[in-house]
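Spelled out from the first residue to the last, the chains are:
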Amino acid sequence: MFDRVANVYDSAPLQRLVYRPAQDLAIKELRAYGATRVLDVGCGTGLFAARMRAELDAELVCGCDLSPGMLAHATARSARVEWILGDSGCLPLADGVVDAVVCTEAFHWFDQPRAVAEFHRVLSDGGVLLVAMINPRTEVGSRLLRAQARKTARWPTRSDMRRLTENAGFTVRRQHRVNRILGRTLPTVLTVAERTD
């Protein structure tokens, strides 16, 4: 599916209205943490990974995606980012090699417990995890979204997201509400968690 829709991901209105607000917040957090080795999981066509490479004082930015079609677009976008074909639940990286893992608007597609465990594994001690996604206000909202996606995706509530990351060995530092289109109906939250064990 993602190979087929890769061409529309880069449209300016979609980026400005859906993706850019959470990515702006993530850039601020990465600067505050002084991240120098960043992994973008579910990087899609590579727009955000290329932006991080251009705007952060990072020695390394990697973009990882499971879709060859998405990565073909990403590779054409920037030679300054390391592009990796890989699954969020089994990242092709060594333990502790990055100090920041970022995932914006892709986490709902993942096997979430496996992905968070992998994020923890590849992060160095004190590393930061940033996950931006729709976090419905209630369990009912979460179930309704999942039903609309025919159960292929999962959107945890904000408290469920906190519990999921804490169970994987993170300490949640902040959960920012992202101001964007449809933000009241489908609230997007940037969860900022630190690897503390």
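A short tour of the structure in this document, coming up. (Residues numbered from 1 in each chain as written. Predicted model: local features only at pLDDT ≥ 70, side-chain atom pairs only at ≥ 80, totals over all residues. Heavy atoms only, no water.)

1. Some words on the nonpolar core
The criterion, for reference: Each nonpolar core is a collection of buried residues, namely Ala, Val, Leu, Ile, Met, Phe, Trp, Tyr and Cys, held together in the definition by side-chain atoms within 4.5 Å. Residue exposure (1.4 Å probe, protein chains only): buried if accessible area is under 20% of the type maximum, exposed if over 50%, otherwise partly exposed. In this text, helices come from DSSP runs of H or I with a minimum length of four residues, and strands from runs of E with a minimum of two, each type numbered from the N-terminal end. Should any heavy atoms of two residues lie within 4.5 Å, those residues are considered in contact.
In terms of nonpolar packing, the biggest core is built from 30 residues, with Leu39, Val101, Phe107, Phe110, Phe119 and Leu129 touching the most fellow members. At the level of secondary structure, the elements contributing two or more residues to this core comprise strand S1 (37-41), strand S2 (60-65), strand S4 (98-104), helix H5 (112-122), strand S5 (123-134), helix H7 (158-167) and strand S6 (170-178). It is S5 that provides the largest number of residues to this core, a total of five residues. In contact with Val101, not counting residues within four places along its chain, are Leu39, Val41, Phe119, Val122, Leu123, Val128, Leu129 and Leu130. Membership of the second largest hydrophobic core comes to 25 residues, among which are Cys43, Ala74, Leu130 and Ala132.

2. Let's talk about unusual backbone geometry
For Glu105, which is not glycine, the phi torsion reads 60° and is therefore positive. The topology assignment puts Glu105 in the loop between S4 and H5.

3. What to know about the state of the cysteines
To keep things clear, this is the line we draw: We call a pair of cysteine sulfur atoms a disulfide when they lie within 2.5 Å.
Tallied over the entire structure, the rule returns zero disulfides. Between Cys62, a cysteine without a disulfide, and Cys64, which holds the nearest cysteine sulfur, the sulfur-to-sulfur distance is 8.7 Å. Cys62 sits in the buried class, given a relative accessible area of 4%.

4. Describing the pattern of salt bridges
Any two side chains of opposite charge can pair if their charged atoms end up close together. Keep this limit in mind: By convention in these notes, a salt bridge is any Lys or Arg side-chain nitrogen within 4 Å of a carboxyl oxygen on Asp or Glu.
Here the structure, examined in full by the defined rule, presents eleven salt bridges. The partner of Glu55 in a salt bridge is Arg31, with the nearest N and O atoms 3.8 Å apart. Of this pair, Glu55 sits in helix H3 (residues 47-55) while Arg31 sits in helix H2 (residues 12-33), placing them 24 residues apart in sequence. Measuring nitrogen to oxygen at the nearest pair gives 2.3 Å for the salt bridge that ties Asp160 to Arg163. With Asp160 and Arg163 both in helix H7 and three residues apart, the pair spans about one turn of that helix. Classification of Asp160 as buried rests on a relative accessible area of 13%. In this structure, a network of salt bridges that share partners links the residues Arg20, Asp24, Arg31, Arg51 and Glu55.

5. Notes on the pairing of S4
Regular strands show a simple pattern: their side chains alternate between the two faces of the sheet. Quick reminder of the rule: When DSSP locates at least two bridges between a pair of strands, those strands are taken to pair.
Burial runs high along S4: seven of the seven residues are buried. By the bridge criterion, three bridges tie S1 to S4 in an arrangement that is parallel. In the sheet register, Leu39 faces S4, and the bridge partner there is Val101. When S4 meets S5, the two strands line up parallel, connected through six bridges. Along S5, the bridge assignment pairs Val102 with Leu130.

6. Some points on the sheet that holds strand S3 (residues 82-85)
Cut-off, in case you're wondering: In this analysis an axis means a line fitted to C-alpha atoms, helices contributing only their contacting stretch, and an angle means the value between N-to-C directions, from 0 to 180 degrees.
What the seven strands build is an open sheet, ordered S3-S2-S1-S4-S5-S7-S6; its pairing is mixed. Of all the strands in the sheet, just S3 and S6 have a single pairing partner and so form its edges. In this sheet, adjacent strand axes meet at a mean angle of 20° when their direction is disregarded. In this fold H7 packs onto S5, S6 and strand S7 (188-195), with an angle of close to 155° to the strand it touches most, S6.

7. A look at the environment of Ser67
Position of Ser67 among the secondary structure elements: in the loop between S2 and helix H4 (68-77). For Ser67, a relative accessible area of 5% corresponds to the buried category.

8. Regarding the side chain of Thr104
Mapping Thr104 onto the fold places it in strand S4. For Thr104, a relative accessible area of 9% puts it in the buried group. Non-local contacts of Thr104, meaning those with residues more than four positions away in its chain, are made with Gln23, Phe48 and Ala132.

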